[in-house]
2 protein chains.
Amino acid sequence: MTIRTHHLRCIGCGTVIPGEEARSDFRCPLCNELYEVVYAWSEGVPVVPGAAAVNLPNPTALRYLWQERKNSNAPADQSGVWRFRELFPILSDMTKPITLREGNTPLYELPRCARVAGLDVLLAKHQGMNPTGSFKDTGMTAAISVAVERGFEWVACASTGNTSAAMAAYAARAGLRSVVFIPDGKIAWGKLSQSMDYGALTIQLKTDFDGCVDLLTELVKRFPIYLLNSVNPYRLEGQKTPAFELLEQLNWEVPDHVIVPGGNLANSSALGKGFQELHHLGMISRVPKIDIIQAEGANPLYRWYMDANRVMKPVVAETRATAIRIGNPASWRKAAHIIESMGGWCEQVSEQEIALAKAEIGAEGVGCEPASAVTFAGVKKLVRLGKLKGNERAVLILTGHTLKDPQYTIDYHRGELLKPEELAQASPEMLSQHEALKKAPLVMDANVDAVVRLMEERMKQSMPV
Amino acid sequence: MTIRTHHLRCIGCGTVIPGEEARSDFRCPLCNELYEVVYAWSEGVPVVPGAAAVNLPNPTALRYLWQERKNSNAPADQSGVWRFRELFPILSDMTKPITLREGNTPLYELPRCARVAGLDVLLAKHQGMNPTGSFKDTGMTAAISVAVERGFEWVACASTGNTSAAMAAYAARAGLRSVVFIPDGKIAWGKLSQSMDYGALTIQLKTDFDGCVDLLTELVKRFPIYLLNSVNPYRLEGQKTPAFELLEQLNWEVPDHVIVPGGNLANSSALGKGFQELHHLGMISRVPKIDIIQAEGANPLYRWYMDANRVMKPVVAETRATAIRIGNPASWRKAAHIIESMGGWCEQVSEQEIALAKAEIGAEGVGCEPASAVTFAGVKKLVRLGKLKGNERAVLILTGHTLKDPQYTIDYHRGELLKPEELAQASPEMLSQHEALKKAPLVMDANVDAVVRLMEERMKQSMPV
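The model shown is predicted, which means the values in this text are computed figures rather than measured ones.

**Thoughts on empty space enclosed by the protein**
- By the definition in use, this model includes six cavities of 30 Å³ or more.
- In this model, the largest cavity occupies a volume close to 820 Å³.
- Counting residues per element, the ones that place at least two in the lining of the largest cavity are α2 (75-78) and α9 (241-249) of chain A together with α2 (75-78), β4 (107-109) and α9 (241-249) of chain B.
- Across the lining of the largest cavity, the residue classes tally to eleven nonpolar, 15 polar and 14 charged.

**Remarks on unusual backbone geometry**
- Located in the positive-phi region is Leu265(A), a residue other than glycine, with phi close to 75°.
- Along the chain, Leu265(A) turns up in the loop between β10 (257-261) and α10 (266-280).
- Non-glycine residue Asn251(B) carries a positive phi angle of around 50°.
- Of note, Asn251(B) is situated in the loop between α9 and β10 (257-261).

**Notes on the packing of aromatic side chains**
- Applying the stated rule across the entire model yields 22 aromatic pairs over all chains.
- For the ring pair Tyr39(A) and Trp41(A), a centre distance of 4.8 Å and an interplane angle of 15° mean the geometry is stacked.
- Of the residues examined, Tyr39(A) reaches a relative accessible area of 2% and is grouped as buried.
- What makes Trp41(A) buried here is its relative accessible area of 10%.
- On the basis of an interplanar angle of 70° and a centroid distance of 5.7 Å, the ring pair of Phe84(B) and Phe244(B) is categorised as edge-to-face. Of this pair, Phe84(B) sits in the loop between α2 and β4 while Phe244(B) sits in helix α9; the two residues are 160 residues apart in sequence, bridging distant segments of the chain.
- Feature note: the residues Trp66(A), Phe84(A), Phe244(A) and Trp252(A) constitute an aromatic cluster, connected by ring pairs.
- It is Arg310(A) that lies over the ring of Trp304(A); its NZ or CZ is 4.6 Å from the centre.
- Between Lys387(A) and the ring centre of Trp345(A), over which it is positioned, the NZ or CZ distance is 4.4 Å.

**What about the relation of the copies chain A and chain B?**
- For the pair chain A and chain B, the relating rotation is 180°, the translation along its axis is 0.0 Å, and the fit reaches an RMSD of 0.0 Å. Taken together, the rotation angle and the small translation identify this as a two-fold axis.

**Quick word on the pattern of salt bridges**
Residues and elements named next belong to chain A.
- Taken as a whole and judged by the stated rule, the model has 54 salt bridges over all chains.
- Linking Lys240 and Glu277 is a salt bridge whose minimum nitrogen-to-oxygen distance equals 2.6 Å. Highlighted residues: Lys240 in the loop between α8 (233-239) and α9 and Glu277 in helix α10, separated in sequence by 37 residues. Accessibility assignment for this pair places Lys240 and Glu277 in one class, buried.

**Things to note about the interface of chain A and chain B**
- Contact residues are listed per partner, giving 92 residues for chain A and 92 residues for chain B.
- For the chain A and chain B pair, buried surface summed over both sides reaches about 8100 Å², with 61% attributable to carbon and sulfur atoms.
- Looking at the side of chain A facing chain B, the largest losses of area belong to Asp197(A), Leu403(A) and Met455(A), adding up to 9% of the total buried there.
- For the pair chain A and chain B, the interface holds six salt bridges.
- Among the ionic pairs, Lys358(B) bridges to Asp197(A), the shortest N-O distance being 3.2 Å.
- Of the residues forming the side of chain A that touches chain B, the biggest block, nine residues, is contributed by helix α18 (residues 448-459) of chain A.

**A short note on the nonpolar core**
- Residues Ile90(B), Phe181(B) and Phe275(B) are the most contacted members of the largest nonpolar core, which totals 150 residues.
- The element best represented in this core is helix α14 (residues 370-384) of chain A, accounting for eight residues.
- Apart from residues no more than four positions distant in its own chain, Phe275(B) is found in contact with Ala243(B), Leu246(B), Leu247(B), Val258(B), Ile284(B), Val287(B), Pro288(B), Ile290(B) and Met342(B).
- Counting residues in hydrophobic clusters, the runner-up holds 149 residues, among them Cys10(A), Tyr39(A), Val155(A) and Tyr226(A).

Here is what the cut-offs are and how they apply
- Residues numbered from 1 in each chain as written.
- Chains lettered and ligands numbered in written order.
- Predicted model: local features only at pLDDT ≥ 70, side-chain atom pairs only at ≥ 80, totals over all residues.
- Heavy atoms only, no water.
- 1 Å grid on protein atoms, 1.4 Å probe; cavity = no way out; pocket = protein on both sides within 12 Å on 5 of 7 lines; lining within 4 Å.
- Points joined across faces, edges and corners; volume = space filled by probe spheres on them.
- Helix = DSSP H or I, 4+ residues; strand = E, 2+ residues; numbered from the N terminus.
- Nonpolar A, V, L, I, M, F, W, Y, C, P; charged D, E, K, R; others polar.
- Phe/Tyr/Trp six-rings, centres within 6.5 Å; stacked < 30°, edge-to-face > 60°.
- Buried < 20%, exposed > 50% of the residue type's maximum accessible area, 1.4 Å probe, protein only.
- Lys NZ or Arg CZ within 6 Å of the ring centre and 35° of its normal.
- Least-squares fit on C-alpha atoms with pLDDT ≥ 70 in both.
- Salt bridge = Lys/Arg side-chain N within 4 Å of Asp/Glu carboxyl O.
- Contact = heavy atoms within 4.5 Å.
- Buried area = accessible area lost by both parts, 1.4 Å probe.
- Core = buried A, V, L, I, M, F, W, Y, C linked by side-chain atoms within 4.5 Å.

If you want it as structure tokens, here you go:
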């Protein structure tokens, strides 16, 4: 009998199946819901025939082992994902993953943002410092490694942004062929540059985004191609590891709040799963609240959260924070479970609040893409609402690098991002904050006296944050 | 008497002065040459009054200390630059630098590129994985920390690219005001997005680039502003640390060749200094050859190298690899010394060779900016010339992230980068290599049968590299 280290459990009907028996579209044939990866030590998992015996080291030994691996030059040990491999045994050989040394992302203090928000301390874990510039790498290293173990030659996703970049990079690393499906028509070339660079094939289909997903779902049934959209449960196993890394960076002191942008909602689900598993294993004594922040124009989870009956209704999504411009999030049920079981909040923030928050984070020397900045905009709201106290410790999850969307930054600083009707709604205080942060280039004669006068003038102004 | 841990030595006349006594333009008043930072333990340094006693730990203890710091959560220990602080004591308190957790960059194997070039092994150290996306961060963390210690409120540079991004980020981190001078006229907004995001003031001067440098040199004499162009010798002290990190990643086995792009030539100088210092201290038994690769259109060092009389003549620079588009490199004398004393080679590569090399590196899942790709183009040439043997171990230094120049990638894959007259010069072999790598998007009907047929067709083609 094959010894299996993990199984998949349907989040709808609870059916447990061996990992390799999942349908190619990763949907439960009984109820069409998504799967989550479970292990013999997971909460509520029945004894499954063929499951490997539980032999996890004790918490102290695990922490020591993970720490020790930092001193190793083996690729799996240098990865900030695979260093924690005891807690996601999804491969038969966990020491030979496909890795670009993802993870190991910095945890920054943001002292000036903390002051602006009215907090003693504010921390930011910058997942945009991953190899392709977004948190997606932590999940893709896991799922591509599974694709290789399962013997696939092709992998695919429907995405115009961070997912396709991460998939293309890891597929190339593995020597797999990858294909990205995008809707025909207005093509955002900048977002595609990475997947082209990593050698992915891009196919523009004469349909909309949902049509691309539909075709891909059909394709994986007809052709041996591994599906890497966020329905793939192995991606979440990689994406849960930043929770472990964060706690290590905090000397295992659990923060009070972890603030996550809410788009497709797989990231908040994965981080929540990570914290809950550590708690279940006795490695931490409590879990943080996971607060999910959405853009006002793409807020289906926020609406669900505010609805007394907790009904999920898709919305037509519209926000400049393109990485979270999702109206019908695939993983909403997982994220809803995380909010409900861990006691976090859901908030929404406006386009103006996002732009201001991004500039404030930037002025601390930390660049991020607009979707990441919803976290800080959300923190300010949570503090005002009394849901986050001044002496509580909060950690922002910044999901993407500022270089992922340079045009947004340029437009903001040139005063071309926000429309007059948007600015008309702003308070005088917010308008003056924008003005203090905006840094449009000045044109001057090459005259040193004039430049000196300008510097002296600027010295009279205080720093914006 | 003040105890000084470091001094500056003029690379022209050899005069040694205390660090804080350098002129604000970092030029020697006697011979107008640049300085290098020296320590009591540096080669050829006379005993200087007030110099701190030499008390370096022995090599084994140092290696162990640097390794141990990986297990610490202190910012200075988590930085891949400051972890090696014993070898560049430039601050009175080396445990409190301005850091964004720079360094700690991955060392990748490039097995398919190795095969293409005819090497058993090829490695790439990716400095584009630094916080702002380029190797400049390793130098800027050092120089900005010095600016803070010297009490400056303003820092400045003339740059339109990676230098301004790094300066702006570290200045923001430190709470300093920063200003970037650029020539008026055709402005590359993408390259400026980062410095705007990090809150730098950009001034477009009605002059050319040399005019910007001239004004800045005058400005630092008239106003208390710290100069961060590459003449600043402290930047090189940070930029030498990737040499240490590389050796640590190679278990202290010295590679045969380190291949560096040649632009302003501070980077090759800094890495060379790092290796030479380790050798002098007995931490390695030999030094690698440093091979410097330039673009054909910006090749003053290559011309110097090929000139029997070794005369340096500036050129008018023109290359799409903008990060090395420099015709009059400030640090050429330092780099020339490195080539001559370490026995490396200098080569030049064409725009076509650069484009092909970038796509080949990309197809391994490793994205870099065009300037970084000259290294692999150069390796292929060095192998053909017999200067790099198949069984020798070479390490490419990739200097910038692919997201630094998405337009180059887009133009390449859409077939719009290289002009017909450039392609006309290419060999049939090179043209077919380009064709195999180019990944322009296909437009198709949303028909699953058609997509399956396409996949089956593609399966018959071998992978490009």
